[in-house]
Amino acid sequence: MADCVFCKIARGEIGTLIYEDETVAAFNDASPQAPVHVLIVPKVHVANITELEDKNLAAHIFTEVVPEIAKKTGVDVTGFRLVVNTGEEGGQTVNHLHVHLLGGRKMTWPPG
Ligand code: 5GP
Ligand code: ZN
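In short, a report on the structure.

## Side note on the site of ligand 1
Then step 1. Around ligand 1 sit 16 residues, and of these Asn 28, Asp 29, Asn 85, Thr 93 and His 100 come closest.
Then step 2. Here an oxygen atom of ligand 1 and a side-chain polar atom of Asp 29 are 2.5 Å apart.
Then step 3. Ala 30 places a main-chain nitrogen or oxygen 3.2 Å from a nitrogen atom of ligand 1.
Then step 4. Against a free-state accessible area of 520 Å², the protein chains account for coverage of 76% of ligand 1.
Then step 5. When atoms are counted within 2 Å of each cavity's grid points, the one that captures over half of ligand 1 is the largest pocket.

Pasting the structure below:
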């Protein structure tokens with residue numbers, strides 16, 4: 001999508017990617033909420049998790065990309081949190097599906 005900031009980042013037009021493969025890109029959050037705060041996005045524009053129809057892509061993100069980035073950032077041993085904010089009450093502010101990977105500090109519950 002032409003005017004989507006995460007599409008632009010995923011295409012490498014702006015920002016810096018910390019991970020990239022054929023279908024997925026990842027980059028550090030501009031406003032990190034933890035020492036490790038990475039955003040993992042499909043390269044194809046998908047508005048949110050309810051719009052994700054590609055099961056292979058979903059599996060790839062959660063079974064391959066997440067573990068690899070957790071290892072790369074060193075939180076695979078200490079633990080981390082995945083967050084997928086969805087819609088207005090879910091707190092989604094960028095309408096391109098993204099998985100937050102947060103770690104490097106003790107997380108609290110419930111979330112705000
Ligand atoms: P959401 O609130 O939609 O779940 O998360 C959007 C996230 O994207 C926020 O944590 C915000 O800091 C981050 N963000 C918004 N715009 C940009 C940007 O242009 N670059 C990067 N790296 N992060 C962004
Ligand atoms: Zn997009």
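## A few points about the sheet that holds strand S4 (residues 80-83)
Then step 1. Ordered by their spatial adjacency, five strands build an open sheet running S1-S2-S3-S5-S4, and the pairing between neighbours is antiparallel. The outermost strands of the open sheet, each flanked by one partner alone, are strand S1 (19-20) and S4.
Then step 2. Bridge count between strand S2 (residues 24-28) and strand S3 (residues 36-42): five bridges; the pairing is antiparallel. Bridge pairing in S3 places Asn 28 opposite Val 38.

## A look at unusual backbone geometry
Then step 1. Here the amide bond leading from Trp 109 into Pro 110 is cis, since omega sits at 5°, within 30 degrees of zero.
Then step 2. For Pro 110, the position within the fold is in the segment after strand S5 (99-103).

## A short note on helix H2 (residues 55-73)
Then step 1. Spanning 19 residues, H2 covers 26 Å between terminal C-alpha atoms, matching the ideal 27 Å at 1.5 Å per step.
Then step 2. Along its length, H2 reaches its greatest deviation from straightness, about 35°, at Ile 61.
Then step 3. Every buried residue belonging to H2 is among Leu 57, His 60, Ile 61, Val 65, Val 66, Ile 69 and Ala 70, and all of these are buried.
Then step 4. Lining the buried residues of H2 we find S1, S2, S3, S4 and S5.
Then step 5. The opening residue of H2, the one whose side-chain oxygen lies 3.0 Å from the backbone nitrogen of Asn 56, is Asp 54.

The rules we used
- Residues numbered from 1 in each chain as written.
- Chains lettered and ligands numbered in written order.
- Predicted model: local features only at pLDDT ≥ 70, side-chain atom pairs only at ≥ 80, totals over all residues.
- Heavy atoms only, no water.
- Near = heavy atom within 4 Å.
- Polar contact = N/O pair within 3.5 Å; in protein donor to acceptor, adjacent residues only side chain to side chain.
- Areas by Shrake-Rupley, 256 points an atom, 1.4 Å probe, with all protein chains shown as cover.
- 1 Å grid on protein atoms, 1.4 Å probe; cavity = no way out; pocket = protein on both sides within 12 Å on 5 of 7 lines; lining within 4 Å.
- Sits in = over half its atoms within 2 Å of the grid points.
- Pairing = 2+ DSSP bridges.
- Helix = DSSP H or I, 4+ residues; strand = E, 2+ residues; numbered from the N terminus.
- Expected span 1.5 Å × (residues − 1).
- Bend = angle between axes of the 7 residues up to and from the residue.
- Buried < 20%, exposed > 50% of the residue type's maximum accessible area, 1.4 Å probe, protein only.
- Contact = heavy atoms within 4.5 Å.

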